[in-house]
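Here are the chains, one letter per residue:
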Amino acid sequence: MSNIVTIERLDHQGRGIGKLNDKLIFVENALIGEIVDVQIVLEKKKFYEGTVISFIKKSDNRIESKCPFFNECGGCDLLHMSYKKQLEFKQNKVLEILTKYSKIENIENKIKDIISSDNIFGYRNKVTFQVKDKIGFYKRKSYDLIPINNCLLITDTMNNILKKIRDNFDLSNFEKVIIKDMNECQLMLTIYLRNEVECNKIIENFKDDVKSLVIYVENKLYKIIKESNIIAKLGDFSFLVSSEAFFQVNLEQTVKLYNKVLEYSCLNQDDLVLDLYCGTGTIGIYLSKFCKKVLGVEINSEAIKNANENKKINNIDNIEFMVGDTKEIIKKVNFKPNVIVVDPPRSGLSNDVILDIMKISPKRLIYVSCDPMTLARDLSILKASYEVVEITPIDMFPNTSHIENVVCLKLK
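I will try to describe carefully the structure that is included in this document. (Residues numbered from 1 in each chain as written. Predicted model: local features only at pLDDT ≥ 70, side-chain atom pairs only at ≥ 80, totals over all residues. Heavy atoms only, no water.)

### Comments concerning the sheet that holds strand β16 (residues 272-276)
To keep things clear, this is the line we draw: When DSSP locates at least two bridges between a pair of strands, those strands are taken to pair. Put simply, DSSP H or I for four residues or longer makes a helix, DSSP E for two residues or longer makes a strand, and each gets a number counted from the N terminus. Under this scheme, a helix contributes an axis fitted over its contacting stretch, all axes are lines through C-alpha atoms, and angles between N-to-C directions fall in the 0 to 180 degree range.
Here we have seven strands laid out as an open sheet, ordered β18-β17-β16-β19-β20-β22-β21, and mixed in their pairing. Where the open sheet ends on each side, the last strands, each with one partner, are β18 (319-323) and β21 (386-394). Across the sheet, the mean angle separating the axes of adjacent strands is 15 degrees when strand polarity is ignored. Taken together, the four bridges between strand β19 (residues 339-342) and strand β20 (residues 364-369) define a ladder with parallel strand orientation.

Spelled out as structure tokens, the structure:
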């Protein structure tokens, strides 16, 4: 039985939305204006989810994906959409979410044009491959593994490492493979194994290919070959990248993001900056030469170790890092910042942290967000004390539905 659906709009994950039997239906890999024959894969009381069996009418904005894994892999959800339309989709996504959920009057006038990416392929400097007798990525909304032999979002060097693993090793002993490529021969390979059986073979095969080789056995660190860190460059600064600590995956766009944070901070040499959720100290170090002092706070102790090393590497003496829960440290430290920068996880800011920020009352608050929904929620609370001056979306992850935002707020 055919289920013919006309796609009327897109949801915030990039799925097509139409109507079938008086219910909404969400369809993967479908664009506005397309007419599709759909197979229903999930039926709920108020909606269906479906996949395309065939296209009766295609959109002019559709491009044929160069990736043979696109229909199954959970990595890229906008690969069928022209880049121009991807940017329009993300701009509208930010506008719709912040208008609806932040409850800030005229917020649409504060959202600037999205900052696009010069490269939409090969931009990722990190990839994590799952392994279950085959190596690849999980299928959308599933733990079923899709075997991959090439990914368009990572560098050729990373794909070559992937192929070498696929072609030369018994994958039944592998659990996970992480590859980081910061260019300029800064390559790190981290391999998680079930036992030690092929460790010597791995070392022999990869010791000349990478700057750092890290092996875990039964989730415990087994051996580090050569360097324990590699180096990433952002603007004029160099940063250590370890196996475990978080680092931004798109270096070119990260520089654009940090420059926007710097612009919004309006720093002078008397300013004290509090950098919350500071990670390995990248934002704080990037801002440090424009202000009097920076205090970075992060709960991950390994990240703070890297942050202190980054401070030394870059010869920065006006920055200090503290490890601990942000909301606890804010209450303890005798530091009165007039600028606060926050770059929280996807879950956003806790109510305690928001209240503490309001008590400190910095003249400016710069909010870096990777989730428009939690950003909108937090802005709806912060608006009691802060005016939203400007919001800039930044496309850190082309060909996916994800979008980063940098928000400038000033004390009322």
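### Thoughts on the pattern of salt bridges
Short version of the rule: What makes a salt bridge here is a side-chain nitrogen of Lys or Arg within 4 Å of a carboxyl oxygen of Asp or Glu, nothing more. Per-residue accessibility, obtained with a 1.4 Å probe over protein chains only, is compared with the maximum for each type, and a residue is labelled buried under 20%, exposed over 50%, and partly exposed between these values.
Applying the stated criterion across every chain, the model contains 22 salt bridges. For Asp 236, the salt bridge is made with Lys 289, and the minimal N-O distance between the two is 3.8 Å. With Asp 236 in the loop between β14 (230-234) and β15 (237-241) and Lys 289 in the loop between α5 (282-288) and β17 (293-298), this residue pair connects regions lying 53 residues apart in the sequence. When its relative accessible area of 68% is taken as the criterion, Asp 236 is described as exposed.

### Some thoughts on helix α6 (residues 301-313)
Applicable threshold: The span you would expect from a helix comes to 1.5 Å times its residue count less one. For this quantity, the arc is that covered by the directions from the helix axis to the C-beta atoms. Only heavy atoms enter the contact rule, under which two residues are in contact if any of them lie within 4.5 Å. For this analysis, a polar contact is any N or O atom pair within 3.5 Å, provided that within protein one partner can donate a hydrogen and the other can accept it, and provided that sequence-adjacent residues contribute only side-chain to side-chain pairs.
Given a rise of 1.5 Å per residue, 13 residues ought to cover 18 Å, and the 19 Å separating the end C-alpha atoms of α6 matches this to within 8%. Burial in α6 covers these residues: Ala 303, Ile 304, Asn 306, Ala 307 and Asn 310. Down the axis of α6, the sector holding all buried residues measures 160 degrees, keeping them to one side. Exposed and oriented more than 90 degrees from the buried face of α6 are Lys 305 and Lys 312. Close packing links the buried residues of α6 with β15, α5, β17 and β18. At the N-terminal boundary of α6, the capping side chain belongs to Asn 300, with an oxygen 2.9 Å from the backbone nitrogen of Glu 302.

### Concerning the pairing of β17
Put simply, the rule reads: Seen with its strands pointing away from the viewer, a crossover is right-handed if its path from the first strand over the helix to the second goes clockwise.
Counting buried residues in β17 gives five out of six residues, a clear majority hidden from the surface. Here five bridges tie β16 to β17, and the two strands are oriented parallel to one another. Paired with Leu 272 across the strands is Lys 293, a residue of β17. Between β16 and its parallel partner β17, the chain crosses via α5, and the hand of that crossover is right-handed. Of the crossover connections in this fold, the one passing from β17 over α6 to the parallel β18 is right-handed.

### Considerations on the sheet that holds strand β13 (residues 220-226)
What the seven strands build is an open sheet, ordered β9-β8-β7-β10-β11-β12-β13; its pairing is mixed. Every interior strand has two partners, whereas the edge strands, β9 (145-147) and β13, have only one. This sheet shows a mean twist of 30 degrees between the axes of neighbouring strands, independent of strand direction. Here strand β11 (residues 187-193) pairs with strand β12 (residues 212-217) via six bridges, running parallel. Looking at the pairing, Met 188 lines up with Ser 212 of β12.

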